[in-house]
Amino acid sequence: RGQRPPQHPMSKTQALLVTVVGLWASANAFSSSSVSLSLKGIRTFPLSVKRIKSNRRQTPVAKLGAILLDCDGVLADTERDGHRIALNMAMKEKGLKVGTQDMKCDEKAYGELLEIGRGRLKLLEFWKRHGWDQMDLDLASEIYARKKEIFNELVTSQMIPLRPGVNYLVDEAIAAGVKLAVCSSSDDRAVESVVSLLGQARASHVRVFAASAITRPKPDPQVYTLAAATLGVAPEDCVAIEDSRAGLLAAKAAGIACIVCPSSYTARQDFALADLVVAGLNELDLDTIVRQARSTQFHLTGANC
């Protein structure tokens, strides 16, 4: 009695095991903690481990300065649900007919018009192909002017729905202190009308950069360069959300990471340059945007996300 129990010397294997466990505990950075070791033939004893500082450079947490949204096709599917409807209403006001039926532009035909743009010869070919014999360039100018007015009336009366996920993303950005802007080549009044669909509280946080502020439309980067400079955020600290290839090219040319969310009339365009392509805005949140920005090796600075 009163004598210490005999100690068994460690074998080389046991000594190596103790060393390995000690190194493992140090690597896992336990702070002033004890690891109990109990090895056969060896008395249980506490192993004290102190935190070891790593010299490895820590990856900075990504932060986001601004989200720059396109208008038509991103905030709302305005071409399909707004401009096409307004065009049909303007033609009906003029009493235009194809045979005995009102002259109408269905979703497929309107997609063709978008690809044509204002090319005179292509417009003439389109009208002939669809039997729009009453249409001419002067009448078309009148109709397009009236279409703009009707479109704004549709937006004001909230007849055009926002795309799913828009409000949630805007709310997240506002809560996180991330700056917001809408960057479009479209008419100022039309863009501001669409932004108003967000509601006054949300819209008050959104800057609008539209046709009157630029001289060169997308795919020129002018609108994005202007927005970033005005907001006081470096281009590499912004993320753009677009629905078209022209918008994608504009953002990339401005040095801005771009997420593409195709709309009804842009789904078949080439988005190979996009940093991320999603089917809908309801697939996006700030965490997703920041992770994507980080993966493109942009060092984002600004409000915490």
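Located above this text is the structure these notes cover.
A. Spatial organisation of the overall build of the protein. When helices and strands are tallied, the protein shows 11 helices and 10 strands. Counting all 305 residues of the protein, 41% fall into the buried class. Counted over contacts in the protein with a minimum sequence separation of 6, partners at least 24 positions apart contribute 64%. On the protein, roughly 17400 Å² of surface is accessible, and the fraction owed to carbon and sulfur atoms is 52%.

B. Examining unusual backbone geometry more closely. Along the chain, Lys 218 connects to Pro 219 via a cis peptide bond; the corresponding omega equals 15 degrees. Within the secondary structure layout, Pro 219 lies in the loop between β7 (206-209) and α9 (222-231). At Gln 158, a position not held by glycine, the phi torsion is positive, near 55 degrees. Within the element layout of this structure, Gln 158 appears in the loop between α5 (137-156) and α6 (166-176).

C. Broad picture of the pairing of strand β6 (residues 179-183). Here β6 lies mainly inside the structure; 4 of its 5 residues are buried. Two elements, strand β3 (residues 66-69) and β6, share 4 bridges in a ladder whose sense is parallel. Paired with Ala 66 across the two strands is Lys 179, which belongs to β6. Of the strand pairs in this sheet, β6 and β7 are connected by 4 bridges, and their pairing is parallel. Within β7, the residue paired with Ala 181 across the bridge is Arg 207.

D. Fine view of the pattern of salt bridges. Enumeration according to the criterion identifies 14 salt bridges in this entry. Residue Asp 171 pairs with Arg 202 through a salt bridge whose shortest N-O separation is 2.7 Å. Separated by 31 residues along the polypeptide, Asp 171 in helix α6 and Arg 202 in helix α8 (residues 200-203) bring together distant segments of the chain. For Asp 171, a relative accessible area of 34% corresponds to the partly exposed category. Judged by relative accessible area, Arg 202 falls into the partly exposed class, the value being 23%. Within this structure, Glu 93, Arg 146, Glu 149 and Glu 153 form a network of salt bridges that share partners.

E. Representation of the packing of helix α3 (residues 107-116) against helix α4 (residues 120-129) in the model. Axis separation between α3 and α4 bottoms out at 10 Å; the angle between their running directions is 165 degrees. Considered as vectors, α3 and α4 are oriented roughly antiparallel to each other. As α3 packs across α4, the resulting crossing turns out to be right-handed. Mapping the contact onto sequence places Ala 109, Glu 112, Leu 113 and Ile 116 in α3 and Lys 122, Leu 123, Phe 126 and Arg 129 in α4. Of the residues in the contact of α3 with α4, the class split is 5 nonpolar, no polar and 3 charged.

F. Fine view of the sheet that holds strand β10 (residues 276-277). Overall, parallel pairing links the 6 strands, which are arranged β7-β6-β3-β8-β9-β10 in an open sheet. Among the strands making up the open sheet, the edge pair consists of β7 and β10. Bridge analysis of strand β9 (residues 257-260) against β10 gives 2 bridges, and the strand direction is parallel. What sits directly across from Ile 259, in β10, is Leu 276. The strands touched by α9 are β3, β6, β7 and β8 (238-242); relative to β7, the strand with the most contacts, the crossing angle is about 140 degrees.

G. Geometry of the environment of Lys 218. In this fold, Lys 218 is placed in the loop between β7 and α9. Leave out the neighbours within four places in its chain, and Lys 218 touches Asp 70, Cys 183, Ser 184, Ser 185, Val 223, Tyr 224, Glu 242, Ala 246, Gly 247 and Ala 250. In terms of polar contacts, Lys 218 uses its side chain to reach the backbone carbonyl oxygen of Cys 183, at 2.7 Å. Looking at Lys 218, its side chain comes within polar contact range of the side chain of Glu 242, at 2.6 Å.

H. Representation of the side chain of Ser 263 within the structure. Summarising the element assignment, Ser 263 is placed in the loop between β9 and β10. Given a relative accessible area of 10%, Ser 263 falls into the buried group. Ser 263 has contacts with Gly 73, Asp 77, Arg 163 and Asp 243, leaving out every residue within four places of it along the chain.

I. A look at the environment of Asp 188. Examined against the element boundaries, Asp 188 turns out to sit in helix α7 (residues 188-195). Put simply, Asp 188 and Val 208 are 20 residues apart on the chain and 8.2 Å apart in space, counted from C-alpha to C-alpha. When neighbours within four sequence positions are excluded, Asp 188 is seen to be in contact with Ala 210, Ala 211 and Ser 212. Within the structure, Asp 188 has its side chain in polar contact with the backbone nitrogen of Ala 211 (distance 3.3 Å).

Each value, and the rule that gives it
- The written sequence of each chain sets the order in which its residues are numbered from 1.
- For this predicted model, a pLDDT threshold of at least 70 governs which residues receive local features, and a threshold of 80 or more governs which side-chain atom pairs are given and counted, while totals over whole chains, interfaces and linings are taken from all residues.
- Values shown for side chains rest on all heavy atoms present in the structure; no hydrogens or waters enter the calculation.
- Each helix corresponds to a stretch of at least 4 residues labelled H or I by DSSP, and each strand to a stretch of at least 2 residues labelled E; elements are numbered beginning at the N terminus.
- Note on classification: 1.4 Å probe, protein chains only; a residue is buried when its accessible area is under 20% of the maximum for its type, exposed when over 50%, partly exposed between these limits.
- Two residues form a contact once any of their heavy atoms are found within 4.5 Å.
- With residues, only the protein chains shown are counted as cover, and all accessible areas are computed by Shrake-Rupley using a 1.4 Å probe.
- Here, strands pair whenever DSSP counts at least two bridges between them.
- We count a salt bridge whenever a side-chain nitrogen from Lys or Arg sits within 4 Å of a carboxyl oxygen from Asp or Glu.
- Here, axes are lines fitted to C-alpha atoms. For helices the fit covers the stretch in contact, and angles between N-to-C directions go from 0 to 180 degrees.
- Comment on the angle field: the value is read as roughly parallel under 35 degrees, roughly antiparallel over 145, roughly perpendicular from 65 to 115, and oblique elsewhere.
- Put simply, a crossing is left-handed when the front helix is turned counterclockwise from the back one by less than a right angle, and right-handed when it is turned clockwise.
- Amino acids are sorted into nonpolar (Ala, Val, Leu, Ile, Met, Phe, Trp, Tyr, Cys and Pro), charged (Asp, Glu, Lys and Arg) and polar (every other residue, Gly among them).
- Polar contacts, as counted here, are pairs of nitrogen or oxygen atoms within 3.5 Å of one another; within protein the pair requires one atom able to donate a hydrogen and one able to accept it, and residues that are adjacent in sequence qualify only if both atoms are side-chain atoms.

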